[in-house]
Amino acid sequence: MIVFLIALAFRSADGVSIFPMSPLQILWLNLLTGSPPALALGVEEASKDIMTTPPRPKSEGLFTRLLLSDIFFFGTLKGVIVLCTWILMLYGVGNGTADLHGECNEDGPIENKPQCELVYRARSVVFATFTLLILLLGYECRRLSKPLVMSNPFSNKYLNYATIFCVALAIPTIYIPWINDEVFRQTIIGWE
């Protein structure tokens with residue numbers, strides 16, 4: 001959320017904030033990219049040491065310091081990566097704020113708004129980056145006390161299937177012409 005607030009500082013020449021993601025992209029990430037991995041985590045095998053781990057004190061609550069620090073760390077890391085992706089697309093590939101135009105937030109195909117090509121490409125890259133980061137977070141959330149590299153990340157076949165399914169769902173939103181520009185307000189990406 002903070003990333004989107006910071007990204008709204010990028011304004012067109014006429015003073016309109018340019019959205020780094022369309023509202024439908026945000027809904028897609030929340031509902032269709034996050035849900036299948038969350039359901040797959042529900043069938044995760046219990047850790048081998050579950051019966052030897054002492055119970056938490058009643059006063060501790062659900063949100064432990066470890067959990068809150070993980071949420072803060074991974075949320076901040078995802079936000080920084082996505083914001084850097086947005087900035088790199090605008091300034092590395094394009095001409096910075098000179099390529100921002102207020103009509104890029106409005107409905108309509110990109111053929112009617114050729115000046116929005118960079119913004120639509122940047123949105124596609126941000127969307128793809130966010131999708132992959134959310135799916136990677138699903139693997140990281142398997143064991144909060146054990147890093148991903150310390151366990152077999154592919155032992156939960158349902159999580160693997162959910163990840164493949166979510167990537168397969170995201171690809172058409174970027175590469176099918178009518179869906180990507182008129183519905184999601186993004187465009188096809190290449191090397192980005």
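Please refer to the structure placed before this passage.
In this text the structure is predicted, and so the values were computed from the model without any measurement.

Rules of the game
- Residues numbered from 1 in each chain as written.
- Predicted model: local features only at pLDDT ≥ 70, side-chain atom pairs only at ≥ 80, totals over all residues.
- Heavy atoms only, no water.
- Axes fitted to C-alpha atoms, helices over the stretch in contact; angles between N-to-C directions.
- Helix = DSSP H or I, 4+ residues; strand = E, 2+ residues; numbered from the N terminus.
- Parallel < 35°, antiparallel > 145°, perpendicular 65-115°, else oblique.
- Left-handed = near helix turned anticlockwise from the far one by under 90°.
- Nonpolar A, V, L, I, M, F, W, Y, C, P; charged D, E, K, R; others polar.
- Expected span 1.5 Å × (residues − 1).
- Buried < 20%, exposed > 50% of the residue type's maximum accessible area, 1.4 Å probe, protein only.
- Arc of directions from axis to C-beta.
- Contact = heavy atoms within 4.5 Å.
- Polar contact = N/O pair within 3.5 Å; in protein donor to acceptor, adjacent residues only side chain to side chain.

### Side note on the packing of helix α4 (residues 65-93) against helix α5 (residues 117-140)
Running from amino to carboxyl end, α4 crosses α5 at an angle of 160°, the nearest separation of the two axes being 9 Å. As judged from the angle between their axes, α4 and α5 are roughly antiparallel. α4 and α5 meet at a crossing whose hand is right-handed. Tallied by class, residues from the contact of α4 with α5 come to 16 nonpolar, two polar and four charged.

### Here's the deal with α5
With 24 residues, α5 extends 35 Å between its outermost C-alpha atoms, agreeing within 8% with the 34 Å of an ideal straight helix rising 1.5 Å per residue. Of all 24 residues that make up α5, 18 are buried, and the element is covered over most of its length.

### Some words on helix α6 (residues 157-175)
For α6, built from 19 residues, the straight-helix expectation of 27 Å at 1.5 Å per residue is met to within 8% by its first-to-last C-alpha distance of 27 Å. Those residues of α6 lying buried are Leu159, Asn160, Ala162, Thr163, Cys166, Ala170, Thr173 and Ile174. Each buried residue of α6 lies within a common arc of 160° when the element is viewed along its axis, so the set occupies one face. Turned more than 90 degrees off the buried face of α6, the exposed positions are Tyr161 and Ile164. Packing partners of the buried residues in α6 comprise α2 (23-33), α3 (35-41), α5 and α7 (177-183). Measuring from the backbone nitrogen of Tyr158 back to the side-chain oxygen at the start of α6 gives 3.0 Å, which picks out Asn156 as the cap.

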